[in-house]
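Residue-level structure breakdown
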Amino acid sequence: PDDVADVAAYYAGVNAPFLPLKAPDAALVKRGEALAKVGSAGRQIQACDNCHGPGGAGEPPAIPYLAGQYSHYIVFTLQMWQRGFRKNSPDAMAVVAKKLDDQEIAAVAAYYQQVRSPLDAAEAQRKD
């Protein structure tokens, strides 16, 4: 247990830089923000914020954060839900993922990639 605590403390203190990312398409981000915050009543898609919290902050360990995740990771994960390969969470996630088309997945992924993670936002506030 002490080794696990030591390793966890080490990695928690590492300040590794993020890879530089290509600027996302503003219209795609705006569409993703709408899906994340409001969803789509017409398509019966609930907002991501309903479960993942405002700004994709999550509720660890049960509800993962989405803010600041790489878009490729979000796209891949949603596709795995759609195809039935992910089964480690409630059925609700698979239901929502299956309602999203490729453009909506790209939009949500682009939005969350550019949202600051809760940890980054807290760090920025401490520096101000």
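Scope of this entry: the structure provided in the associated data block. Throughout this document, residue positions are counted from 1 along each chain, in the order its sequence is written. Local features in this predicted model are restricted to residues of pLDDT 70 or higher, and side-chain atom pairs are both shown and tallied only at a pLDDT of 80 or more, whereas totals for entire chains, interfaces and linings draw on every residue. Neither water nor hydrogens contribute to the side-chain values; these are computed over all heavy atoms in the structure.

1. Remarks on helix 4 (residues 71–82)
- Runs of E in the DSSP output that reach at least two residues are strands. Runs of H or I that reach at least four are helices, and both are numbered from the N terminus. A helix is expected to reach a length of 1.5 Å times the quantity of its residues less one. When the terminal C-alpha atoms of helix 4 are compared, their 16 Å separation across 12 residues agrees well with the 16 Å that a helix rising 1.5 Å per residue should span.
- Any two residues having at least one pair of non-hydrogen atoms within 4.5 Å are treated as being in contact. Those residues of helix 4 that are buried are in contact with helix 5 (91–99) and helix 6 (102–114).

2. Comments concerning unusual backbone geometry
- Cis geometry marks the peptide bond from Pro60 to Pro61; its omega dihedral reads 5°.
- A positive phi angle, near 55°, is found at Gln44, a position not held by glycine.
- The cut-offs for exposure are 20% and 50% of the maximum accessible area for each residue type, with area from a 1.4 Å probe on protein chains only; residues under the lower value are buried, those over the upper are exposed, and the others partly exposed. In this structure Gln44 comes out as exposed when scored by relative accessible area, which is 60%.

3. So, the side chain of Asp49
- Assignment of secondary structure puts Asp49 in helix 3 (residues 49–52).
- The charged-residue count follows a simple rule in which Lys and Arg add positive charge and Asp and Glu add negative charge, with His and chain termini not counted at all. Definition used for salt bridges: Asp or Glu carboxyl oxygen within 4 Å of a side-chain nitrogen of Lys or Arg. Of the buried charged residues, Asp49 lacks a salt bridge, with Lys37 as the closest side chain of opposite charge at 6.2 Å.
- The residues contacting Asp49, other than those within four sequence positions of it, are Ala36, Lys37, Pro54, Gly55, Gly56 and Tyr112.

4. A closer look at the nonpolar core
- Throughout, nonpolar core names a set of buried Ala, Val, Leu, Ile, Met, Phe, Trp, Tyr and Cys residues whose side chains join them through atoms within 4.5 Å. One finds Leu78, Tyr111 and Tyr112 to be the most contacted residues of the largest nonpolar core, which totals 23 residues.
- For this core, the secondary-structure elements that each account for two or more residues are helix 2 (26–37), helix 4, helix 5 and helix 6.
- With seven residues, the top contributor of residues to this core is helix 6.
- Excluding anything up to four places from it in sequence, Leu78 contacts Met93, Ala97, Leu100 and Ile105.

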